[in-house]
Amino acid sequence: VQLVESGGGLVQTGGSLRVSCEGSGRAFSSYGMGWFRQAPGKEREFVAAIKWNGGSRYYADSVKGRFTISRDNAKNTVYLQMNSLKPEDTAVYYCAASRVYGWDRNNDYALPPTYDDWGQGTQVTVSS
């Protein structure tokens, strides 16, 4: 599946931003979806993930209570609503799709190798 992120930008500390990821193909609704981010000089890290039907959602501790992942399978789109943004949230945000059966077992949803397809990323910058 091809994934295209959008909605990144510059926001002040405490502000909000919503990034979107649109996928191609009819099978999108069967994929587990994740959001990751990568700051300069750092490894890619897990942010949030959502089951194919939206029934289960997972978050990194650093964003829990501030970020919300959701999806609209009719639009082949997954969203990441980011509130109370902090400078340390600055990174390139990537969405990813997983066709792995049981991808949300044993915290595998947080591991990049679990995912088969990746978007090109969208920059989010939080100014202090």
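Here is what the cut-offs are and how they apply
Residues numbered from 1 in each chain as written. Predicted model: local features only at pLDDT ≥ 70, side-chain atom pairs only at ≥ 80, totals over all residues. Heavy atoms only, no water. Disulfide = S-S within 2.5 Å. Helix = DSSP H or I, 4+ residues; strand = E, 2+ residues; numbered from the N terminus. Buried < 20%, exposed > 50% of the residue type's maximum accessible area, 1.4 Å probe, protein only. Phe/Tyr/Trp six-rings, centres within 6.5 Å; stacked < 30°, edge-to-face > 60°. Lys NZ or Arg CZ within 6 Å of the ring centre and 35° of its normal. Core = buried A, V, L, I, M, F, W, Y, C linked by side-chain atoms within 4.5 Å.

## A word on the state of the cysteines
What we call a disulfide is simply a covalent bond connecting the sulfur atoms of a pair of cysteines.
Now for step 1: Within the structure shown, the criterion is met by one disulfide.
Now for step 2: Here Cys21 is linked by a disulfide to Cys95, with a sulfur-sulfur distance of 1.9 Å. With the S-S bond torsion at 50°, the cross-link from Cys21 to Cys95 turns out right-handed. Of this pair, Cys21 sits in strand S3 (residues 17–23) while Cys95 sits in strand S9 (residues 91–98), and the two are 74 residues apart along the sequence. Pair check on accessibility: Cys21 and Cys95 agree, each one buried.

## Brief notes about the packing of aromatic side chains
Now for step 1: Under the counting rule described, the total for this entry stands at nine aromatic pairs.
Now for step 2: Plain terms: the ring middles of Trp103 and Tyr109 are 6.4 Å apart, the flat faces sit at 80° to each other, and that makes the pair edge-to-face. In this structure, Trp103 and Tyr109 share a single accessibility class: buried.
Now for step 3: The structure contains a cluster of three or more aromatic residues connected by ring pairs, namely Phe36, Phe46, Tyr58, Trp103, Tyr109, Tyr115 and Trp118.
Now for step 4: Across the ring face of Tyr94, the terminal group of Arg44 is positioned such that the distance to the ring centre comes to 3.9 Å.
Now for step 5: Directly above the ring of Trp118 sits Arg44, whose terminal nitrogen or CZ lies 4.8 Å from the centroid.

## Considerations on the environment of Met33
Now for step 1: Locating Met33 in the fold gives a position in strand S4 (residues 32–38).
Now for step 2: A sequence separation of 17 residues divides Met33 from Ile50, and the C-alpha atoms of the two residues are 5.4 Å apart.

## Some words on the nonpolar core
Now for step 1: In terms of nonpolar packing, the biggest core is built from 34 residues, with Met33, Trp35, Val47, Phe67, Leu80, Met82 and Tyr93 touching the most fellow members.
Now for step 2: Mapped by element, the contributors of at least two residues to this core are S3, S4, strand S5 (45–50), strand S7 (67–72), strand S8 (77–82), S9 and strand S11 (122–127).

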